[in-house]
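What follows is each chain in one-letter form.
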Amino acid sequence: MNEEMSYGDDYHFLPVTSIKSGLGQEILPDLFCQTIQIVNICFVGQPGEKDWVLIDAGMPHSADDIFSAAEKRFGSNCKPSGIVLTHGHFDHVGSIIELIRHWNIPVYAHPLELPYLTGQRNYPTPDATVEGGLVAKLSPLFPNDAIQLSGHVTELPSDGSIPIMAGWRWIHTPGHTPGHVSLFRESDRTLLAGDAFVTVKQESLWSVITQDLEISGPPRYLTTDWASAWESVKKLEALKPVTAVTGHGMPMSGQLLSDSLLRLVQEFDQIAIPDYGKYIQ
């Protein structure tokens, strides 16, 4: 791991936040969700044990918050087995370089996401014209340049397994990004959905700040393929998850999750797909 890592030229701190920022919640004995400003990261592993995995890497300049949360959960001098990225948007890789440098650990992502993680291709420009709220209008301020992790990021195996997460498998859930993945554990039907769907209306500043619980599709201002996004939600609903943690919003479980996810599948064109925007076909 000796190649130089770097963020894009547009990388910067963003002052957006929510009432849940800095708060963590144990979802299951081996699953902990930590909110970093407006995005969730997950720790998968039993408290106090050394064999644990980090899912996603938070907002820009949040590495110290992640280190602190990890130490509180797993003890001093804790180090994960690796990091699995659901995708490479700025709010999911915002502190990835600091984490890699500090922990010297592998990072895994879908092969279709690697161009955005190895300096080859920038994400499409966020759509400020999309139907939604103030967050959508502010989205041009969000970084979309590729970051450079060449030599530090590895493709997830094609068989759906995750080398550092026994009992879990990754599922390709494109739409929000080409290489977006969700993670699923069959034994207890736990789903880490990333941004394939979320449980807050992410375009609305008020909803983001207050974290009002509401099933929604992927964040509109950064979703470019709505047909694929709908198919991905159908794929996840068919798994019949019991518990779901999404990239934005509060965890959801039980009958509320089942009913909400089915409704999202059935009414995706009304709930998720905006009436207008530059990525609407």
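Remember, it's a predicted structure, so these values are computed and weren't measured experimentally.

1. Remarks on the confidence of the model for the chain
Note that predicted coordinates carrying low pLDDT should not be read in detail. In this model, the chain carries a mean pLDDT of 94, and residues with pLDDT of at least 70 account for 96%. At the level of individual helices and strands, the chain shows its lowest average pLDDT in helix H5 (residues 205-210), which scores 63, and its highest in strand S9 (residues 181-185), which scores 99.

2. Here we look at helix H6 (residues 226-237)
Helix length check: H6, at 12 residues, gives a terminal C-alpha distance of 17 Å against a target of 16 Å (1.5 Å per residue), a fit within 8%. Looking at H6, one finds that the buried residues are Trp226, Ala229, Ser232, Val233, Leu236 and Glu237. Mapping the buried residues of H6 onto a view down its axis gives an arc of 135°, with all of them on the same face. Lining the buried residues of H6 we find strand S8 (168-172), S9, strand S10 (190-194), helix H7 (254-266) and helix H8 (268-271). For H6, the N-terminal capping position is held by Asp225, with its side-chain oxygen 3.4 Å away from the main-chain nitrogen of Ala227.

3. Re the packing of H6 against H7
When two helices pack together, their arrangement is given by the angle between the helix axes and by the axis-to-axis distance. It is the contact of H6 with H7, at a shortest axis distance of 9 Å, that shows an interaxial angle of 150°. Every pair of crossing elements has a handedness; the one defined by H6 and H7 is left-handed. Along its contact with H6, which presents Trp230, Val233, Lys234, Leu236 and Glu237, the element H7 presents Leu261, Leu262, Leu264 and Val265. Across the contact of H6 with H7, the residue classes break down as seven nonpolar, no polar and two charged.

4. Some points on the sheet that holds S8
Pairing in this open sheet of five strands is mixed, and the strands run S8-S9-S10-S11-S12 from one edge to the other. With one partner strand each, in any of the chains shown, S8 and strand S12 (252-253) form the two edges of the open sheet. Sheet strands touched by H6: S8, S9 and S10. Its angle to S8, the strand with the most contacts, is close to 150°.

5. Some words on unusual backbone geometry
One non-glycine residue with positive phi stands out, namely Gln37, at about 60°. For Gln37, the position within the fold is in the loop between strand S2 (31-36) and strand S3 (39-44). With phi around 55°, Asn104 is a residue other than glycine that occupies positive phi space. In this structure, Asn104 sits in the loop between helix H2 (96-103) and strand S6 (107-109).

6. Details of the packing of aromatic side chains
For the structure on display, the rule yields 12 aromatic pairs. Look at Phe43 and Phe74: their rings are 5.9 Å apart centre to centre, the planes differ by 75°, and that puts the pair in the edge-to-face class. Highlighted residues: Phe43 in strand S3 and Phe74 in helix H1 (residues 63-74), separated in sequence by 31 residues. Accessibility expressed as a relative area gives 0% for Phe43, which makes it buried. Pairing Trp230 with Phe268 gives two aromatic rings, centres 5.4 Å apart and planes at 25°, and the pair type is stacked. Of this pair, Trp230 sits in helix H6 while Phe268 sits in helix H8, placing them 38 residues apart in sequence.

What counts as what
- Residues numbered from 1 in each chain as written.
- Predicted model: local features only at pLDDT ≥ 70, side-chain atom pairs only at ≥ 80, totals over all residues.
- Heavy atoms only, no water.
- pLDDT = per-residue confidence, 0-100.
- Helix = DSSP H or I, 4+ residues; strand = E, 2+ residues; numbered from the N terminus.
- Expected span 1.5 Å × (residues − 1).
- Buried < 20%, exposed > 50% of the residue type's maximum accessible area, 1.4 Å probe, protein only.
- Arc of directions from axis to C-beta.
- Contact = heavy atoms within 4.5 Å.
- Polar contact = N/O pair within 3.5 Å; in protein donor to acceptor, adjacent residues only side chain to side chain.
- Axes fitted to C-alpha atoms, helices over the stretch in contact; angles between N-to-C directions.
- Left-handed = near helix turned anticlockwise from the far one by under 90°.
- Nonpolar A, V, L, I, M, F, W, Y, C, P; charged D, E, K, R; others polar.
- Pairing = 2+ DSSP bridges.
- Phe/Tyr/Trp six-rings, centres within 6.5 Å; stacked < 30°, edge-to-face > 60°.

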